[in-house]
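Structural overview for review
These are the residues of each chain, in order.
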Amino acid sequence: MESGGFGSINKSIAMLSLCGVMLIAIIYGFVAYIEPKPTPLQGFTAPFVFGKFRVPVDNPLTQEAVQLGRRLFYDKQLSGDNTVSCSTCHLQHLAFTDGKARSVGVSGKTLDFNSMSLANLMWGPRHFFWNGRVDSLEEQALAPIQDPNEMAQNLDDLIDELEADDVYPGLFRSAYGKISAENIARALATFERTLISADSKYDQYLRGELKLSAEEELGRKLFMAHPDVKVSLRGGNCIDCHSQFLTSGFNAQFDGFSNNGLDTEALLNPGLQFTTGQVTDRGKFKVPTLRNIALTAPYMHDGRFTTLEQVLDHYNEGIRVSDSLSPLIMEADNQPQDAVNIRISLNLNEEEKRAVIAFLHTLTDHSFITEDKFSNPFDADTMPDA
Amino acid sequence: MRKLLSMSVASGLLLTGAAIYVYQVSQPGTVRMRFDAVVGNKPLVFNDARYSNPGGAGMFRIRDFQFFISNIDLHGEKGVYRVPDSYYLARFDNSSTSYQINLANVPRDWYSAVTFSIGVDEVANGSIMSVGDLDPNSRMAWNWEVGYKFLLFEGALIDSDTIRPLVYHVGFNENRKTLRFNLPEEVAPDSSDALLFTVDVLALFTGKNTVDMAALPNVKFDRDDARLLAGNYGTMISLTARP
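What counts and how
Residues numbered from 1 in each chain as written. Chains lettered and ligands numbered in written order. Predicted model: local features only at pLDDT ≥ 70, side-chain atom pairs only at ≥ 80, totals over all residues. Heavy atoms only, no water. Helix = DSSP H or I, 4+ residues; strand = E, 2+ residues; numbered from the N terminus. Rg over C-alpha atoms; globule rule 2.2 N^0.38 Å. Buried < 20%, exposed > 50% of the residue type's maximum accessible area, 1.4 Å probe, protein only. Contact = heavy atoms within 4.5 Å. Areas by Shrake-Rupley, 256 points an atom, 1.4 Å probe, with all protein chains shown as cover. Lys, Arg positive; Asp, Glu negative; His and termini not counted. Charge placed at Lys NZ, Arg CZ, Asp CG, Glu CD. Pairing = 2+ DSSP bridges. 1 Å grid on protein atoms, 1.4 Å probe; cavity = no way out; pocket = protein on both sides within 12 Å on 5 of 7 lines; lining within 4 Å. Points joined across faces, edges and corners; volume = space filled by probe spheres on them. Buried area = accessible area lost by both parts, 1.4 Å probe. Salt bridge = Lys/Arg side-chain N within 4 Å of Asp/Glu carboxyl O. Polar contact = N/O pair within 3.5 Å; in protein donor to acceptor, adjacent residues only side chain to side chain. Patch = residues over 30% accessible without salt bridge, like charges linked within 9 Å, V, L, I, M, F, W, Y side chains within 5 Å.

**What to know about the overall build of chain A**
Scanning chain A for helices and strands turns up 14 helices and 2 strands. Against the 2.2 N^0.38 benchmark of 21 Å for 386 residues, chain A shows a C-alpha radius of gyration of 27 Å, more extended than a compact globule. With the C-alpha coordinates of chain A rotated into their principal frame, the extents come out at 110 × 50 × 45 Å. Counting over 386 residues, chain A shows a buried share of 51%. Put simply, 65% of the contacts in chain A that link residues at least 6 apart link residues at least 24 apart. Within the structure as shown, chain A displays about 18400 Å² of accessible surface, and the carbon and sulfur contribution to it stands at 57%. Here chain A contributes 33 positive and 51 negative side-chain charges, whose respective centroids are spaced 4 Å apart.

Have a look at this one:
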């Protein structure tokens, strides 16, 4: 009897535990069903000379996120009146710029700033927009969508639109789970992180695959040197702001922001001062990457220069003095300076200016602007409204 | 019976405690080094022309000041602990104008001296690998053919109405300065306060040779000029006297 009693207790314990295990299994199965299991992005590489990069832990690079982000990037539904997508101002064949001095969005009003190229965004300054006001691509992505002059879209309305769409609910489910503003931002940021330009003539030169022409090599040497008349070193001074491999601004803190002498004190735009509140940052702007620079005219944050020749003329003899002007620009001169009457000029000769421009052309990456993975996915679709 | 039980519990606790203690004292820990910047007898304030040109007329302001600390060795009773990949870019553009290094996983020992370099060693200076704070795409890199700036000082000299840019970029292998500091008392990982150092920015212009900024407003690739400033920066760091 006794042993039988124990036996039945044991049996009920066994039954209970079995039920428990089954319940846990069911819950686990359910959670596993609703939690997406996206596939890590395969074959993702970048040159080691670009240095270390970080992907946010809560937004890893996955195939599903890239696919979703790419579609969102090219989708006009992202704007309030469905006329403008991210790609309106970031066109692949112009290295994701728009060819305009200053961009125009849904309001038709000319914006204050030039559209920035989107390449190698995981390196260089970790602050986005010309004035560095946000610290992540995720944060950046939602700003133009909501800006009344850019895409003028209410995020709740956008989520409703995407939920009613045939394709998006499935894409979001497999990439992140639900449709939310946060996940829209994550997907766009992920697609942008994959936009790597690393096959220009300069990259091929760095890999030892080819030699630069004599003119390009002269330009490269000038690019990479701060001039020093004391040791007869001629330099174009570019590297003081544009790093040697990335050609972007520096990534530590706000080192990648500079006042490059575009305006006098009276006309100086706040720039980085908007973000830091420091008056000494007035007139400093994000130093952009120079990769594909021959494709991304007009130049400067307000698109004031239409050609690279004008840009070189500016650095060579057009510098305007203001308090936050970079001392490296002020000081750089290929001729001995008059200690009393300082006239800011790089004093490069015409041949040298042409050589710097020839080097800048070696930064053009044709495979970047024709890469299928970066192109408009709607072009290949049979979308009725595309 | 009860006595035996409580005795065994007590001895068990004691043994566990002893084991934890032994485990702890044999574990590596953290040694902290803090560098506080001053300008002579004044605090460091950026972007303010409040300092006198040590060798001539005018007042100067500092826009940027940073330098590499590398190859940190801790000298202990059991031997020398070489901190791996120790390349640190010291910068002071923060509210406390100080820079702190936390050396993790330092072996348990009593350390009586520390050595480190201002600048980077020849191997690192000729490499484009990112190690520690070495970054060939940073503002401290000249380019891969020249190597790193060991110390960067940028600012301006203001004399009546004239503003002259000041650019002091000092590098080259011969200008690495290795400094040794004998600590006033031995330190052990985790159990001691941070090692305190004072960095005197002014020593860059007064250390061994006094510099007139008007006569020498920039130093870049001229070897003699670079050596002159390196001789000066070799004196700029000292152990902070404890009150």
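**A few points about the overall build of chain B**
When you go through chain B residue by residue, the secondary structure sums to 4 helices and 15 strands. Here the C-alpha atoms of chain B give a radius of gyration of 23 Å, more than 25% beyond the 18 Å that 2.2 N^0.38 yields for 243 residues. Per-residue burial for chain B yields a buried fraction of 49% across its 243 residues. Long-range pairs, those at least 24 residues apart, make up 72% of the contacts in chain B between residues at least 6 apart in sequence. Summed over its atoms, the accessible surface of chain B is roughly 11400 Å², and 54% of this surface lies on carbon and sulfur atoms. Computed over 23 positive and 26 negative side-chain charges, the inter-centroid distance for chain B is 6 Å.

**What about the pairing of strand β6 (residues 87–91) of chain B?**
Residues and elements named next belong to chain B. Most of β6 is tucked away: 5 of the 5 residues are buried. Of the two faces of β6, the one holding Y87, L89 and R91 and the one holding Y88 and A90 are both buried throughout. Of the strand pairs in this sheet, strand β4 (residues 59–76) and β6 are connected by 5 bridges, and their pairing is antiparallel. Residue pairing across strands places F67 opposite A90, the latter belonging to β6.

**With respect to the layout of surface pockets**
Of the voids in this model, the largest pocket is the one considered here, and its volume is about 1100 Å³. In this structure, the largest pocket is lined by 45 residues; those nearest its centre are T280, D281 and K284 of chain A together with N47 and R63 of chain B. Among the elements of the structure, β1 (257–258) and α12 (327–331) of chain A together with β4, β10 (147–159) and β11 (162–171) of chain B are those that each provide at least two residues to the lining of the largest pocket.

**Brief notes about the interface of chain B and chain A**
Counting residues at the interface gives 35 residues for chain B and 38 residues for chain A. Buried surface at the junction of chain B and chain A, both sides included, amounts to about 3100 Å², of which 53% is carbon and sulfur. In terms of surface lost to chain A, no three residues of chain B exceed N137, W144 and F221 of chain B, which account for 22% of the buried area on that side. Inspection of the chain B/chain A interface yields 6 salt bridges. A salt bridge links R91 of chain B to D255 of chain A, with the nearest nitrogen and oxygen atoms 2.9 Å apart. One can count 15 residue pairs in polar contact (both at pLDDT 80 or more) joining chain B with chain A. For the side of chain B that touches chain A, the element with the highest residue contribution is β11 of chain B, accounting for 7 residues.

**Observations concerning a nonpolar patch on the surface**
All names here are of chain A. A surface patch of nonpolar side chains, amounting to about 320 Å² of accessible area, comprises L18, M22 and I26. Structurally, L18 can be placed in helix α1 (residues 2–34). Since its relative accessible area comes to 48%, L18 is described here as partly exposed.

**Describing a negative patch on the surface**
Residue and element names in this part refer to chain A. Together, D156, D157, D160 and E163 make up a negatively charged patch on the protein surface. Secondary-structure assignment places D160 in helix α5 (residues 155–164). Exposure remark for D160: the relative accessible area of 49% places this residue in the partly exposed category.

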